[in-house]
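As a plain string of letters, each chain reads:
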Amino acid sequence: MGSTGVLLLNLGGPDGPEDVRPFLYNLFSDPEIIRLPFPWLQKPLAWFISTSRARKSQKNYEEIGGGSPLRRITEEQAAALKTCLQSRGVDAELYVGMRYWHPFTEEAIAQIKADGIGELVVLPLYPQFSISTSGSSFRLLEALWEKDAQLQAIRYSLVPSWYDAPRYVESMVELIRQELAHCPAETTIFFSAHGVPRSYVTDAGDPYQDEIEACVALIMAALGPDHPHVLAYQSRVGPVEWLQPYTEDVIIELGAAGAKHLVVVPISFISEHIETLQEIDIEYRELAEESGIETFRRVPALNTYPGFIAALADLVTDALAAPPCTFSEVNTSRKRVKLYPQERWEWGMTTAAERWNGRLAMLGFLALLLELISGQGPLHMLGWL
Ligand SMILES: C=CC1=C(C)c2cc3[nH]c(cc4nc(cc5[nH]c(cc1n2)c(C)c5CCC(=O)O)C(CCC(=O)O)=C4C)c(C)c3C=C
Ligand SMILES: [Fe+2]
Ligand SMILES: [Fe+2]
């Protein structure tokens, strides 16, 4: 058997302003992020959304220095994890595979093959599983595996999610306590999770909301019952309904109800990035001040916090010791989860028919918008006219 490897998966982020549009294009090209009934519409729509969103997104990245710190932090996590594993007698090569920007997952896999890795642990840097994050990366890896005999020879094991890993929960509790030490006794702990469209949970069976709620419950059980706390969902994109309540609404409601002190806990992110540094620290802070909140503090992301790196090392050593968890096993253990493309057609006045009705209407509307904004309709774009 060859040597041992650990592949850390994350979303990726633009290194500078010129990367923002192509990064967004990659993100919106992913059917796990935007679920469309027709694969051929995915790329034109991704082009349309990335082009129209790029300026706003670039402005947000400018406020945090022009680009995302995600690559640097993830590489620091990889280096710290390698050292921690070495101290436990595990000699492993670390790889970083981003879903939508450099270093791409495909680049990491090419390196894993070149290095002749014989045993691989695949560890997503998302504590809670979502179709849109870990699910999307697993689907990409599965596709790479399917067509590559060299990859099929590797003994690999996936870690689907780890929101309940004891040292991760402990580290979160430690960081929250450190922040609470600077706050008055009546401070509300405000868990802000990344949102996903509500239909991912209700229709596609994404376990994300359950895992977020279980994670918050574990942290609160360890912190003790004295603290008032709330959970809300941030970063909504697009017109459809996402998981509720929305972070911005809850900040306004708390202010109106007379709350004065908040500590925000970014619960789905383990690294600083645009949604902590810009959205929480700048946008939500402003909103909180306007809503009459006097103390608005945020718990820092775990980054390379030693207890957290130890938690990651536990996950790796546990995965190496246990029977391997494979792609088919993740799909079986989450058999209610419908990874895209998922639906089968049913004839008659069914929910499927109604859904398709809505989708076709939406497609007509999008085609019109596309034509109005770009001067080119979908058929021109496809070279049909
Ligand atoms: C449009 C749908 C999106 C879903 C669903 C979504 C889920 C989701 N995302 C993260 C974590 C990250 N998202 C990041 C960037 C980002 N995500 C979306 C859209 C969706 N995310 C967009 C449009 C962007 C780009 C930034 C922007 O324009 O707002 C990042 C990278 C941030 C960086 O520093 O560059 C992360 C990380 C989670 C955890 C999640 C669902 C659970
Ligand atoms: Fe996101
Ligand atoms: Fe966002």
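Here, every reference points to the structure presented above.
Here goes a summary of the coordinates provided. Just so we're clear, the structure is a prediction, and the values are computed from it rather than from any experiment.

Conventions and cut-offs
- Residues numbered from 1 in each chain as written.
- Chains lettered and ligands numbered in written order.
- Predicted model: local features only at pLDDT ≥ 70, side-chain atom pairs only at ≥ 80, totals over all residues.
- Heavy atoms only, no water.
- Pairing = 2+ DSSP bridges.
- Helix = DSSP H or I, 4+ residues; strand = E, 2+ residues; numbered from the N terminus.
- Axes fitted to C-alpha atoms, helices over the stretch in contact; angles between N-to-C directions.
- Contact = heavy atoms within 4.5 Å.
- Near = heavy atom within 4 Å.
- Polar contact = N/O pair within 3.5 Å; in protein donor to acceptor, adjacent residues only side chain to side chain.
- Nonpolar A, V, L, I, M, F, W, Y, C, P; charged D, E, K, R; others polar.
- Phe/Tyr/Trp six-rings, centres within 6.5 Å; stacked < 30°, edge-to-face > 60°.
- Buried < 20%, exposed > 50% of the residue type's maximum accessible area, 1.4 Å probe, protein only.
- Lys NZ or Arg CZ within 6 Å of the ring centre and 35° of its normal.

Let us look at the sheet that holds strand β5 (residues 188-194). Taken in spatial order, the four strands of this open sheet run β6-β5-β7-β8, and their pairing is parallel. With one partner strand each, in any of the chains shown, β6 (229-234) and β8 (295-298) form the two edges of the open sheet. The sheet shows a mean angle of 25° between the axes of neighbouring strands, direction not considered. Across four bridges, the pairing between strand β7 (residues 261-266) and β8 is parallel. Considered in β8, the bridge of V264 is made with R298. The sheet strands contacting helix α9 (residues 208-223) are β5 and β6, and the helix crosses β6 at an angle near 150°. Contacting β5, β6, β7 and β8, helix α10 (residues 247-256) runs over the sheet at an angle of about 140° to β6.

Here the focus is the site of ligand 1. Close contacts around ligand 1 come from 27 residues, with R53, S57, Y61, S68 and H273 the closest. In this structure, an oxygen atom belonging to ligand 1 sits 3.1 Å away from a main-chain N or O atom of I274. Where the shell around ligand 1 is concerned, the elements lending two or more residues are α1 (20-28), α2 (39-62), α5 (131-146) and α11 (274-290). With four residues, α1 is the single largest residue contributor to the shell around ligand 1. For the shell around ligand 1, the class distribution of residues is 16 nonpolar, nine polar and two charged.

Attention shifts here to the packing of aromatic side chains. For the structure shown, the criterion picks out eight aromatic pairs. With 5.5 Å between their ring centres and 20° between their planes, F38 and W40 make a pair best called stacked. Take W40: its relative accessible area is 44%, and that puts it in the partly exposed class. For the pair Y156 and F327, a centre-to-centre distance of 4.8 Å together with 35° between the ring planes defines the contact as tilted. Of the two residues, Y156 sits in strand β4 (residues 155-158) while F327 sits in helix α13 (residues 327-333), which places them 171 residues apart along the sequence. There is no split in this pair, since Y156 and F327 are both buried. Every member of this aromatic cluster is reached through a ring pair, and the members are W145, Y156 and F327. Sitting above the plane of the Y200 ring, R35 keeps its charged end 5.1 Å from the centroid.

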